[in-house]
Amino acid sequence: MGPIAKEAAKYFYKSKYYYKLTWYTFLWVVLFTQVTKSLNINAIIGALLLLIPLLGIYIMVPMGIFYIVQNYKNKEPYNKYRALYLIGHLLFLFILIAIIAMLGLDMSKLSSIK
């Protein structure tokens, strides 16, 4: 039994693409925040190089989850990795929700400082 054709499992391969893209973008965000401290980058440019990929992650994660759920709903041919991609997308979703929660907590502390 060889690999599954891309036409037979189009939603799985789209989800896999978004997962890889999300992973590389997340890696960029983490590494860029560490490297920015040592580099002399303009604050606005640094913020854009961090904010745009982070917003991209907020778009890619729900799309990846959508495609992997479509893979299950359309009963595409079995792939032993599809559960791992679903767990990976949900892990990224958890990280994004945690970022929003931390941002909300920081904003509430900032507003109470007055």
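Positions within a chain are numbered from 1, following the residues in the order the chain's sequence is written. The predicted origin of the model limits local features to residues at a pLDDT of at least 70 and limits the giving and counting of side-chain atom pairs to 80 or more, whereas totals for whole chains, interfaces and linings rest on all residues. In computing side-chain values, all of the structure's heavy atoms are included and hydrogens and water are not.

(A) Looking closely at the overall build of the chain. Secondary structure is summarised from DSSP: a helix means a run of H or I of at least four residues, a strand means a run of E of at least two, and numbering begins at the N terminus for each. The helix and strand tally for the chain stands at 3 helices and 0 strands. Secondary structure elements of the chain, listed N to C terminal, follow the sequence α-α-α. The atom set for the radius of gyration is the C-alpha atoms, and the globule formula is 2.2 Å times the number of residues raised to the power 0.38. What you see for the chain is a C-alpha radius of gyration of 18 Å, clearly larger than the 13 Å of a compact globule of 114 residues, by over 25%. Dimensions along the principal axes, computed over C-alpha positions, put the chain at roughly 60 × 30 × 15 Å. When the 114 residues of the chain are sorted by exposure, 25% land in the buried category. Throughout, a residue-residue contact means that at least one pair of heavy atoms, one from each residue, lies within 4.5 Å. Within the chain, contacts between residues at least 6 apart in sequence are counted, and of these 78% link residues at least 24 apart. For the exposure calls, accessible area comes from a 1.4 Å probe over protein chains only, and a residue counts as buried if that area is under 20% of its type's maximum, exposed if over 50%, partly exposed in between.

(B) The nonpolar core, seen in detail. Residues belong to one nonpolar core when they are buried, are Ala, Val, Leu, Ile, Met, Phe, Trp, Tyr or Cys, and are joined through side-chain atoms within 4.5 Å. One finds Tyr 11, Tyr 18, Val 29, Ile 57, Met 60, Val 61, Ile 65, Tyr 67, Phe 92 and Leu 96 forming the largest nonpolar core, which totals 10 residues. Only helix H1 (10-36), helix H2 (43-73) and helix H3 (82-112) provide two or more residues apiece to this core. With 5 residues, the single largest contributor to this core is H2. Sequence-distant contacts of Tyr 67, that is, excluding residues within four places in its chain, are made with Tyr 11, Lys 14, Ser 15 and Tyr 18.

(C) A nonpolar patch on the surface, seen in detail. Together, Trp 28, Val 35, Leu 39, Ile 41, Ile 45 and Leu 49 line one region of the surface with nonpolar side chains, adding up to about 490 Å² of accessible area. Looking at the nonpolar patch, the elements that each hand over two or more residues are H1 and H2. Candidate patch residues must exceed 30% relative accessible area and have no salt bridge, after which like charges are joined if within 9 Å and Val, Leu, Ile, Met, Phe, Trp or Tyr side chains if within 5 Å. With residues, only the protein chains shown are counted as cover, and all accessible areas are computed by Shrake-Rupley using a 1.4 Å probe. A side-chain nitrogen of Lys or Arg and a carboxyl oxygen of Asp or Glu constitute a salt bridge if their distance falls within 4 Å.

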